[in-house]
Amino acid sequence: MTRKRFRYGCIFFLAVTLLQTACTRDVILELPYTLPSLVLNASVTTGEDVTAYLSKSWFLLDSVMDSEVTGGKISVYVNDVYRGTMQNSDIFRDSVFTKGRYILPGCLLNVGDRLRLEAEADGFDAVYAETQMPDSVQLLSIDTLRFISSDKTYKRQEQMRLYINFTDEANKKNYYRLSVEKVIEKWRNRDHTFVSKESSLGSYTSDFYLIYEDPVFQYVATNPTLQQQDATNCWGTFSDDMFNGNQYTLKSVFYPIQTSYIDFDYTYKVYYDVRLMSISEEYYNYLTVIRNISVSFGEAYINGLLEPSATYTNVEGGFGVVAGYQVAYKRIVMPFGKDSSSMSE
């Protein structure tokens, strides 16, 4: 019996070794070098000065990722009327500091405005991009429902379902994005002073999960691999194909729920900020491409198993995305729990 077990053990070991060896192959990657191009990015909305970022692309195999440009210039046109040249305005204290930030003070956009940015820099061909400011979101109401799921996947944690009621503008194609952000404010008890704030955006790969369960989120997949994961990997984007020109109630779920609480030294106030955005077609197209090349199942990333997706850009002569958006915002204030526990289990 001992020899038989030993023989089976050897066979099993050799089989595992063979499988591991068979899954490994060295590939020599040879790519033709491509010259850098200008990269123009801007995400604009009403009520804020037009702001953009100008940089350059770098080759995939470069050891140093140099993206800065010199002599940058961005001209702004609104509805084909020249509004001025943007000023360089780098934020040197920004923790995610990126050089190449430009702004045109006093240049504010209205609904329906057509924005055109023309950019140039030393040693590069000029580029340009256009976008149109979308309509504002006609948000009617947001209702909530707290429940405990019977699905073992969610470990019976208390969850919150959102019912977001809004009206879609008729006779045109509209695009939207839904996001939920958890915000925790820390206050000192002895003098009631504000100490700090931390926030986390709902996703599928963090401690704060946001599930896009409504059928509208299933309509934007272009990659077959994502058909069963649309509700968690769609970045919250959807179009009005299912309800064009009508009133619609959008459903989504997030968990675990965290309540406000007080300990001996501090008070922790918890909020959930719900944002329903109307976005331009360029914004929608960009996020659709992103969701097709970045997918995870829990902590496992399967990007390498997906079909190739072409990079999206609306910048003529270069790379980047110039897009517009508007936000309808609602803050959910969480009540205080019975004790200092912050999570509903």
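Structure: see above.
Below or above, wherever it landed, is the structure these notes cover. (Residues numbered from 1 in each chain as written. Predicted model: local features only at pLDDT ≥ 70, side-chain atom pairs only at ≥ 80, totals over all residues. Heavy atoms only, no water.)

1. A short note on the overall build of the protein chain
For step 1, the next point in the chain: Counting its regular elements, the protein chain contains three helices and 20 strands.
For step 2, the next point in the chain: Expressed as a percentage of contacts within the protein chain between residues at least 6 apart in sequence, the contacts between residues at least 24 apart total 69%.
For step 3, the next point in the chain: Carbon together with sulfur atoms contributes 51% to the accessible area of the protein chain, which is approximately 20,400 Å² in total. (Helix = DSSP H or I, 4+ residues; strand = E, 2+ residues; numbered from the N terminus. Contact = heavy atoms within 4.5 Å. Areas by Shrake-Rupley, 256 points an atom, 1.4 Å probe, with all protein chains shown as cover.)

2. Points about the packing of aromatic side chains
For step 1, the next point in the chain: Overall, the coordinates contain 20 aromatic pairs when judged by the stated rule.
For step 2, the next point in the chain: Between Y209 and Y255 the ring centres are 5.1 Å apart and the planes differ by 15°, which places this aromatic pair in the stacked class. Of this pair, Y209 sits in strand β13 (residues 209-211) while Y255 sits in strand β15 (residues 247-255), placing them 46 residues apart in sequence.
For step 3, the next point in the chain: When its relative accessible area of 6% is taken as the criterion, Y255 is described as buried.
For step 4, the next point in the chain: Taken together, F166, Y176, Y212, F217, F238, F243 and Y248 form an aromatic cluster joined through their ring pairs.
For step 5, the next point in the chain: Note that K186 overlies the ring of Y266, its terminal NZ or CZ placed 4.2 Å from the centroid.
For step 6, the next point in the chain: Cation over ring: R331 sits above Y271, and NZ or CZ is 4.2 Å from the ring centre. (Phe/Tyr/Trp six-rings, centres within 6.5 Å; stacked < 30°, edge-to-face > 60°. Buried < 20%, exposed > 50% of the residue type's maximum accessible area, 1.4 Å probe, protein only. Lys NZ or Arg CZ within 6 Å of the ring centre and 35° of its normal.)

3. As for the sheet that holds strand β8 (residues 127-132)
For step 1, the next point in the chain: With antiparallel pairing, the four strands of this open sheet are ordered in space as β4-β3-β7-β8. Strands with a single pairing partner mark the edges of an open sheet, and in this sheet they are β4 (81-85) and β8. Averaged over all neighbouring strand pairs, the angle between strand axes comes to 20°, with direction disregarded.
For step 2, the next point in the chain: The sheet contact formed by strand β3 (residues 73-78) and β4 spans four bridges and is antiparallel. Looking across to β4, one finds that V78 is bridged to V81. (Pairing = 2+ DSSP bridges. Axes fitted to C-alpha atoms, helices over the stretch in contact; angles between N-to-C directions.)

4. A word on the layout of surface pockets
For step 1, the next point in the chain: Reported here for the largest pocket is a volume of approximately 630 Å³.
For step 2, the next point in the chain: What lines the largest pocket is a set of 29 residues, and nearest its centre among them are N41, A42, S43, Y286 and V321.
For step 3, the next point in the chain: Among the secondary structure elements, those contributing two or more residues to the lining of the largest pocket are β1 (38-44), β2 (50-56), α3 (281-291) and β20 (322-333).
For step 4, the next point in the chain: Here the lining of the largest pocket gets six residues from one element, more than from any other, and that element is α3.
For step 5, the next point in the chain: Looking at the lining of the largest pocket residue by residue, the class counts come to 17 nonpolar, eight polar and four charged. (1 Å grid on protein atoms, 1.4 Å probe; cavity = no way out; pocket = protein on both sides within 12 Å on 5 of 7 lines; lining within 4 Å. Points joined across faces, edges and corners; volume = space filled by probe spheres on them. Nonpolar A, V, L, I, M, F, W, Y, C, P; charged D, E, K, R; others polar.)

5. Comments concerning the environment of S57
For step 1, the next point in the chain: Take S57: it is sitting in the loop between β2 and β3.
For step 2, the next point in the chain: Given a relative accessible area of 17%, S57 falls into the buried group.
For step 3, the next point in the chain: For the pair S57 and F319, spaced 262 residues apart in sequence, the C-alpha to C-alpha distance is 7.7 Å.
For step 4, the next point in the chain: When neighbours within four sequence positions are excluded, S57 is seen to be in contact with L35, P36, S37, V39 and F319.

6. Points about the environment of N285
For step 1, the next point in the chain: If you trace the backbone, N285 turns up in helix α3.
For step 2, the next point in the chain: The exposure class assigned to N285 is partly exposed, which follows from its relative accessible area of 22%.
For step 3, the next point in the chain: Distance from N285 to Y312, taken between C-alpha atoms, is 7.1 Å for residues 27 residues apart in sequence.

7. Concerning the sheet that holds β15
For step 1, the next point in the chain: Taken together, the four strands give an open sheet; going across it, the order is β9-β10-β15-β13, and neighbouring strands pair in antiparallel fashion. Across the chains shown, the open sheet's two edge strands, defined by having one partner strand only, are β9 (138-148) and β13. For this sheet the average axis-to-axis angle between neighbouring strands, irrespective of direction, equals 25°.
For step 2, the next point in the chain: Taken together, the eight bridges between strand β10 (residues 158-167) and β15 define a ladder with antiparallel strand orientation. Across the sheet, the residue bridging to M160 is F254, located in β15.

8. So, the side chain of D113
For step 1, the next point in the chain: When you line up the elements, D113 lands in the loop between β6 (101-104) and β7 (114-120).
For step 2, the next point in the chain: Buried and unpaired, D113 has R83 as its nearest opposite-charge partner, separated by 6.0 Å.
For step 3, the next point in the chain: Reaching out from D113, the side chain makes a polar contact with the backbone nitrogen of N110 at a distance of 2.7 Å.
For step 4, the next point in the chain: Leaving out residues up to four positions away in the same chain, D113 has contacts with V78, N79, T131, Q132 and M133. (Lys, Arg positive; Asp, Glu negative; His and termini not counted. Salt bridge = Lys/Arg side-chain N within 4 Å of Asp/Glu carboxyl O. Polar contact = N/O pair within 3.5 Å; in protein donor to acceptor, adjacent residues only side chain to side chain.)

9. Details of the pattern of salt bridges
For step 1, the next point in the chain: With the rule as written, the count across this model stands at 13 salt bridges.
For step 2, the next point in the chain: Notably, a salt bridge pairs E213 with R161, separated by 2.6 Å at the nearest N-O pair. A residue pair is termed long-range when its members are at least 10 positions apart, and E213 in the loop between β13 and α2 (230-233) and R161 in strand β10 qualify at 52 residues.
For step 3, the next point in the chain: The class for E213 is partly exposed, based on a relative accessible area of 30%.
For step 4, the next point in the chain: In this structure, the salt-bridge partner of D191 is R188, at a minimum N-O distance of 3.7 Å.
For step 5, the next point in the chain: Residue classification places D191 among the partly exposed residues on the basis of a relative accessible area of 37%.
For step 6, the next point in the chain: Looking at R188, the relative accessible area reads 22%, which means it is partly exposed.
For step 7, the next point in the chain: Through salt bridges with shared partners, a single network forms among R114, R116, E118 and E130.

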